[in-house]
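What follows is each chain in one-letter form.
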Amino acid sequence: MTTKPVAKGDAIDFNLETMTVEQGLHLIEQERVQPLLTYLRTGVFENRNNMTFMKAYSVVVQFGDQQQHSFKLYSYYKKVIQDYCTEAMSSLALVSGEELLSALADLWEKNTILVFWMQRVFQYLDRFFTKSSTEHPDLFKAALQCFTDTVYSKVKDKCVAAMVAVVNRERDGYEINQDVLRLLVEMLCTVGDTGPKVVKQKEGIDKSSADRLLWQSQARGSYKNDFESSLLSATQEYYRNKVAGWMAAYSCPIFLAEIQKRLDDEESRLSRYLDSSSETELKRVVQMELILNTAKQLVEMSTGAQSMFQNQRYEELKLMYRIFRREPTMLPHLISVMEPYIEQRCSRIVEDQQMIDNPPTYTERVLELKKEVDDMVVSCFESDTGFQKGRNKGLEAILNKDTRCAKYLALFSDLQLKKGLKGRNEDEVQSLVNQVVGLFAHLKDKDIFLDIYKSALSRRLLNKLSVSNDAEDCFITKLKVECGQQAIQKLASMFTDMALSDQLQEEYMKGSHSGSPGGVTHEVRVLQTNAWPEKADDAPVVPCQEMLTCIRAYEAFYHAKHNGRKLRWIYNMGQVEIKCHGLARQHLLVVSAYQCLALMLFNHRKEVTLKEVCEATKLPEEECRRQVMSLTVSRHKVLMHDGTGKDLSIDAKLQVNSSFTSEKIKVQVSLIKKEEKAGETTALAEAPVERKHVIDAAIVRIMKSRNRLEHNALLEEVFRQCTLFKPQPTQIKSQIEHLIEREFLKRDEKNRNAYIYLP
Amino acid sequence: ATCLGDGDSPGFRVHETDLSHILPEQVWPFFSQALDYIYSEELVLNDENAVPLLRCADALQIRSLFLRCVEGINEILTIPSAPRILSDSVSLLGGPLADQI
């Protein structure tokens, strides 16, 4: 290897063997330290990547192994930093406020650079010298110590006060120098650290971006103790004053917007220059002043939550919710306004006499309201569970005041399934069913709904009134989800019966008579007892000969398939089409089965009295009169009677109106409605009876498994089991008495408050 | 040339901690990176430092740095970086060393 002639300042001929430590330090001073200090003063770093680094390092390695020399090196290292800090302090002591902050930040930044480069040259000392010494901390720590003692401890109080003031200035909307604050926060976080370190970090993500030197520290001691506590109390005071002013000047929506702005501002401050460890505490203080201390008043302001609900200011409500959500204990304030609002909206519908008189509109309006508040809970309150509960409470409080909603909803469903859904596509059906079942979920009288639904369904199925089977299916599926398999079992078996009957009918048609024994084509539906609301006739009605033939043929067919099953006929559920020849022209009359029986009598005789009809058919007189009278009214005057006026006396003589004619060949004869709207009242009366049985069954079931139970525990259990309605405690109590009488239960001898099951 | 101290240094002698005689001059600016690698294993190779560091590792017999450089040069060898690496190789590395890349 040859030695080249040295360039100026690049390589100095020196002999480490003979060099003294003083000479070595002189070299380091000349080649490294002075250029570095010049750089810090002027920004020009002549020897930055200079080759002299290698030599300076070599010097340190040469002397770093010998105790007496390494101490000199170490002292020199400290002195350079100490001198730098001391000199800077002389000018720092003269300034204050923001000027102090920027000077201090500048000093911190430069000192960091100085320490980094110094440590690189002297790092060999950390290998052995500082490691084996207890009194000499490692190079970084020693440097930080110098800074702390010389600078930080002297300006600490002034600095913290000025920083807090600057933060408040920024809160007031002034531009501040964030870089200064960021550097000072770094300083506060580092000072006092026992294992600090300066590292090089890329400023950007990009590989080619410039390096930045910064202290890596976990300490945060001074940040927390000296600065943060001071910042927090200043923050509290700042916002307390602000809020007092806003409260007087602002309306609720503007107030909310201001709060949101401030919250965002504080959040950005955390990410811009404060240490992330302050997040929890700062948020706590800010939110206490801005939310906890204002929420109740905000809600109650005249422009507050109530007016927002009334005027449907959803954006404002959304904002209020978003703000309150940060302090979830404040949400109930808002919910407690929403509840009465929903109640009020609901009452406006269900207490309106016009609505009460018009069930479909009533239901439509309630469904609309339900959709409206559902949407509101989703869009404004992000489906928050508290708000869902509040909405449910509000709706249910009003809707469950009586059973009207349950009834009307069932009637509405019937109407929709008979007419309303005609021609709608699948999605429309789905959404309507969802709405109806959604409302159904709120009702406590679910059994009443199901009862009415059941009889309506039976009518739809038997009379083929349903618009679509898919829609029916959809309803049943959704109801099943809502109230369980148990509750809709009967509804489901009605569908099964229909399907089975269709199959049977098909087979029956294949018989020798092709489904028309005695020339009468007929269709039969076999219904399970109990599953259907229809009951077989109590009176032993006598069918006419033609009907009897059909009945026998079908029974023979059915019994051949299902031995041991008994068929009972519900005559009047059916419809009969009869061909009439005795009229002005030939007509097809569509009449009820009972009417058919009455008309058939005229095949044998010209004149028949009502009394005779009753006797021949064994129909009860009242029903018989209604059926026959329907044939004598002016719209379908098929029969004439000799009485005066409309009323039909028992002895009135009837004969066929030979001049009857109608535009259509096929004439649908409608029945006179039964007097007093029986449908509604019976449905009302029926439910409670059924409820008694449900309660009885529940009590017995519970007691059978528990054997002995106290009164209150039993009540609890019964409430849990009765999902379709809410039983009254008095009702349960009377059922218990009833069961004791019937010796299902007895009272405990020792504790009269408890019951024992009697097997 | 400047003289150190009081100027009576007794002449030139090679000493083991004086690296200036072991490493060629072009390598000196990259010595601090080699040192960083020794202390911290941190190293970002580019077309500028790769060959000098390889030379440095060879001279100082730092096997792991040597291998890192060999691998690294293979990775960063692209059309734009090739001239620089080639010229460095010619001026810094002897025949046998250049062959290894």
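Remember, predicted model here, so these are calculated numbers, not experimental data.

Observations concerning the overall build of chain A
Phase 1: Each helix and strand in chain A was counted, giving 27 helices and eleven strands.
Phase 2: Since a compact globule built from 759 residues should have a radius of gyration of about 27 Å, the 48 Å found for chain A marks it as more spread out than a globular shape.
Phase 3: Dimensions along the principal axes, computed over C-alpha positions, put chain A at roughly 150 × 70 × 70 Å.
Phase 4: Counting across all 759 residues of chain A, residues that qualify as buried make up 47%.
Phase 5: As displayed, chain A has an accessible area near 39,000 Å², and 49% of this comes from carbon and sulfur atoms.

What about the overall build of chain B?
Phase 1: Looking only at helices and strands, one finds five helices and zero strands in chain B.
Phase 2: Walking chain B from its N terminus toward its C terminus, one meets helices and strands in the order α-α-α-α-α.
Phase 3: Long-range pairs, those at least 24 residues apart, make up 58% of the contacts in chain B with a sequence separation of at least 6.
Phase 4: Approximately 5,700 Å² of chain B is accessible, and the part contributed by carbon and sulfur atoms is 54%.

Thoughts on the sheet that holds strand 7 (residues 653–656) of chain A
All names here are of chain A.
Phase 1: With respect to topology, three strands assemble into an open sheet ordered 5-7-6, the strand pairing being antiparallel. If you trace the sheet from one side to the other, it starts and ends with strand 5 (607–609) and strand 6 (639–641), each paired once. The mean inter-strand angle of the sheet, taken between neighbouring strand axes irrespective of direction, is 35 degrees.
Phase 2: In the sheet, strand 5 pairs with strand 7 via three bridges, with the strands oriented antiparallel. Across the sheet, residue E607 finds its bridge partner in strand 7, namely Q655.

Description of the domain arrangement of chain A
Phase 1: Under the domain assignment used here, chain A contains domain 1 (21–203 + 210–216), domain 2 (228–324), domain 3 (402–485), domain 4 (502–571), domain 5 (574–668) and domain 6 (690–757).
Phase 2: For domain 2 of chain A and domain 4 of chain A, the distance between their C-alpha centres works out to 76 Å.

Brief notes about unusual backbone geometry
Residue and element names in this part refer to chain A.
Phase 1: In this structure, Q312 is a non-glycine residue whose phi angle is positive, near 50 degrees.
Phase 2: Along the chain, Q312 falls in the loop between helix 11 (305–310) and helix 12 (314–325).
Phase 3: If you check the backbone angles, N707 has positive phi at about 70 degrees while not being a glycine.
Phase 4: A relative accessible area of 43% places N707 in the partly exposed class.

A closer look at a negative patch on the surface
All names here are of chain A.
Phase 1: A grouping of E426, D427, E428, D470 and D473 is seen on the molecular surface, where their side chains present a negatively charged patch.
Phase 2: Contributing elements (two or more residues each) for the negative patch: helix 18 (426–442) and helix 20 (469–509).
Phase 3: When residues in the negative patch are grouped by element, the largest group, three residues, is from helix 18.
Phase 4: Residue placement: D427 occurs in helix 18.

Quick notes on the nonpolar core
Residues and elements named next belong to chain A.
Phase 1: Judged by nonpolar contacts, the single largest core of 219 residues is most densely connected at F122 and F324.
Phase 2: It is helix 5 (residues 139–171) that contributes the most residues to this core, 17 residues altogether.
Phase 3: In this structure F324 touches I291, A295, L298, V299, M330, L331 and L334, once residues within four positions along its chain are discounted.
Phase 4: Counting 36 residues, the second-largest nonpolar core is a separate cluster that includes L583, A593, C614 and L648.

Observations concerning the environment of A:H136
Residue and element names in this part refer to chain A.
Phase 1: Positionally, H136 belongs in the loop between helix 4 (97–122) and helix 5.
Phase 2: A C-alpha to C-alpha distance of 19 Å links H136 and C85, two positions 51 residues apart in sequence.
Phase 3: Not counting the four nearest positions on each side in its chain, H136 is found in contact with F71, Y74, F129 and T130.

Some points on the packing of helix 23 (residues 610–617) of chain A against helix 24 (residues 621–629) of chain A
Residue and element names in this part refer to chain A.
Phase 1: At a closest axis distance of 10 Å, the pairing of helix 23 and helix 24 adopts a crossing angle of 115 degrees. The chirality of how helix 23 crosses helix 24 is right-handed. Counted together, L610, V613 and C614 of helix 23 and E621, C624, R625 and V628 of helix 24 form the full contact between these two elements.
Phase 2: Here the residues of the contact of helix 23 with helix 24 are counted per class, giving five nonpolar, no polar and two charged.

Focus on the sheet that holds strand 4 (residues 587–592) of chain A
Residues and elements named next belong to chain A.
Phase 1: The strand order across the open sheet formed by three strands is 3-4-8, and the pairing between neighbours is mixed. Single-partner strands in this sheet number two, and they are strand 3 (575–580) and strand 8 (666–668). Across the sheet, the mean angle separating the axes of adjacent strands is 25 degrees when strand polarity is ignored.

Focus on helix 12 of chain A
Residue and element names in this part refer to chain A.
Phase 1: Under the 1.5 Å per step criterion, the end-to-end length of helix 12 is 16 Å for twelve residues, consistent within 8% with the ideal 16 Å.
Phase 2: Of all the residues in helix 12, the buried ones are E316, L317, M320, Y321, I323 and F324. The arc enclosing the buried residues of helix 12, seen along the axis, measures out at 165 degrees, which places them on a common side.

With respect to the pattern of salt bridges
All names here are of chain A.
Phase 1: As enumerated under the stated definition, the model contains 51 salt bridges over all chains in all.
Phase 2: For the salt bridge of E382 with R325, the shortest nitrogen-to-oxygen distance reads 2.5 Å. With E382 in the loop between helix 15 (359–381) and helix 16 (385–399) and R325 in helix 12, this residue pair connects regions lying 57 residues apart in the sequence.
Phase 3: Two residues, E523 and K464, come together in a salt bridge whose shortest N-O distance is 3.0 Å. On the criterion of sequence distance, the pair formed by E523 in the loop between helix 20 and helix 21 (545–561) and K464 in the loop between helix 19 (446–462) and helix 20 is long-range, its members being 59 residues apart.
Phase 4: If you follow the salt bridges from partner to partner, you end up with E170, R171, D265, E266, R269 and R272 in one network.

Description of the pairing of strand 11 (residues 754–757) of chain A
All names here are of chain A.
Phase 1: In the sheet, strand 9 (residues 708–710) pairs with strand 11 via three bridges, with the strands oriented antiparallel. Considered in strand 11, the bridge of R708 is made with I756.
Phase 2: Looking at chain direction, strand 10 (residues 745–747) and strand 11 are connected through three bridges and run antiparallel. Across the sheet, the residue bridging to R747 is Y755, located in strand 11.

So, the packing of helix 5 of chain A against helix 8 (residues 252–272) of chain A
In a pair of packed helices, the angle between the axes and the distance between the axes together describe the arrangement.
Residues and elements named next belong to chain A.
Phase 1: With their axes 11 Å apart at the nearest point, helix 5 and helix 8 run at an angle of 135 degrees to one another. The angle between helix 5 and helix 8 places the two elements in the oblique class. Classified by chirality, the crossing of helix 8 by helix 5 is right-handed. Residues V167, E170 and R171 of helix 5 touch helix 8, and the partners they reach there are R262, D265, E266, R269 and R272.
Phase 2: When the residues that make up the contact of helix 5 with helix 8 are grouped by side-chain class, the tally is one nonpolar, no polar and seven charged.

Observations regarding helix 3 (residues 63–76) of chain B
In an α-helix, one turn spans 3.6 residues; hence positions three or four apart end up facing the same way.
Phase 1: Under the 1.5 Å per step criterion, the end-to-end length of helix 3 of chain B is 20 Å for 14 residues, consistent within 8% with the ideal 20 Å.
Phase 2: Along helix 3 of chain B, the positions that sit buried rather than exposed are B:L65, B:F66, B:C69, B:V70, B:G72 and B:I73.

What about the environment of A:Q416?
Residues and elements named next belong to chain A.
Phase 1: Its location among the elements puts Q416 in helix 17 (residues 404–420).
Phase 2: Classification of Q416 as buried rests on a relative accessible area of 10%.
Phase 3: For Q416, the contacting residues outside a window of four places in its chain are L421, L432 and V467.

Remarks on the packing of aromatic side chains
Residue and element names in this part refer to chain A.
Phase 1: Per the counting criterion, the structure on display carries 29 aromatic pairs over all chains.
Phase 2: An angle of 65 degrees between the planes, with centres 5.0 Å apart, marks the rings of W108 and F147 as edge-to-face. Here W108, found in helix 4, pairs with F147, found in helix 5; they are 39 residues apart in sequence, far enough to count as distant.
Phase 3: In this structure an aromatic cluster arises from ring pairing among F309, Y321, Y341, F381 and F387.
Phase 4: Sitting above the plane of the Y174 ring, R169 keeps its charged end 4.6 Å from the centroid.

Cut-offs used in this document
- Residues numbered from 1 in each chain as written.
- Chains lettered and ligands numbered in written order.
- Predicted model: local features only at pLDDT ≥ 70, side-chain atom pairs only at ≥ 80, totals over all residues.
- Heavy atoms only, no water.
- Helix = DSSP H or I, 4+ residues; strand = E, 2+ residues; numbered from the N terminus.
- Rg over C-alpha atoms; globule rule 2.2 N^0.38 Å.
- Buried < 20%, exposed > 50% of the residue type's maximum accessible area, 1.4 Å probe, protein only.
- Areas by Shrake-Rupley, 256 points an atom, 1.4 Å probe, with all protein chains shown as cover.
- Contact = heavy atoms within 4.5 Å.
- Pairing = 2+ DSSP bridges.
- Axes fitted to C-alpha atoms, helices over the stretch in contact; angles between N-to-C directions.
- Domains from an automatic or database assignment.
- Patch = residues over 30% accessible without salt bridge, like charges linked within 9 Å, V, L, I, M, F, W, Y side chains within 5 Å.
- Salt bridge = Lys/Arg side-chain N within 4 Å of Asp/Glu carboxyl O.
- Lys, Arg positive; Asp, Glu negative; His and termini not counted.
- Charge placed at Lys NZ, Arg CZ, Asp CG, Glu CD.
- Core = buried A, V, L, I, M, F, W, Y, C linked by side-chain atoms within 4.5 Å.
- Left-handed = near helix turned anticlockwise from the far one by under 90°.
- Nonpolar A, V, L, I, M, F, W, Y, C, P; charged D, E, K, R; others polar.
- Expected span 1.5 Å × (residues − 1).
- Arc of directions from axis to C-beta.
- Parallel < 35°, antiparallel > 145°, perpendicular 65-115°, else oblique.
- Phe/Tyr/Trp six-rings, centres within 6.5 Å; stacked < 30°, edge-to-face > 60°.
- Lys NZ or Arg CZ within 6 Å of the ring centre and 35° of its normal.

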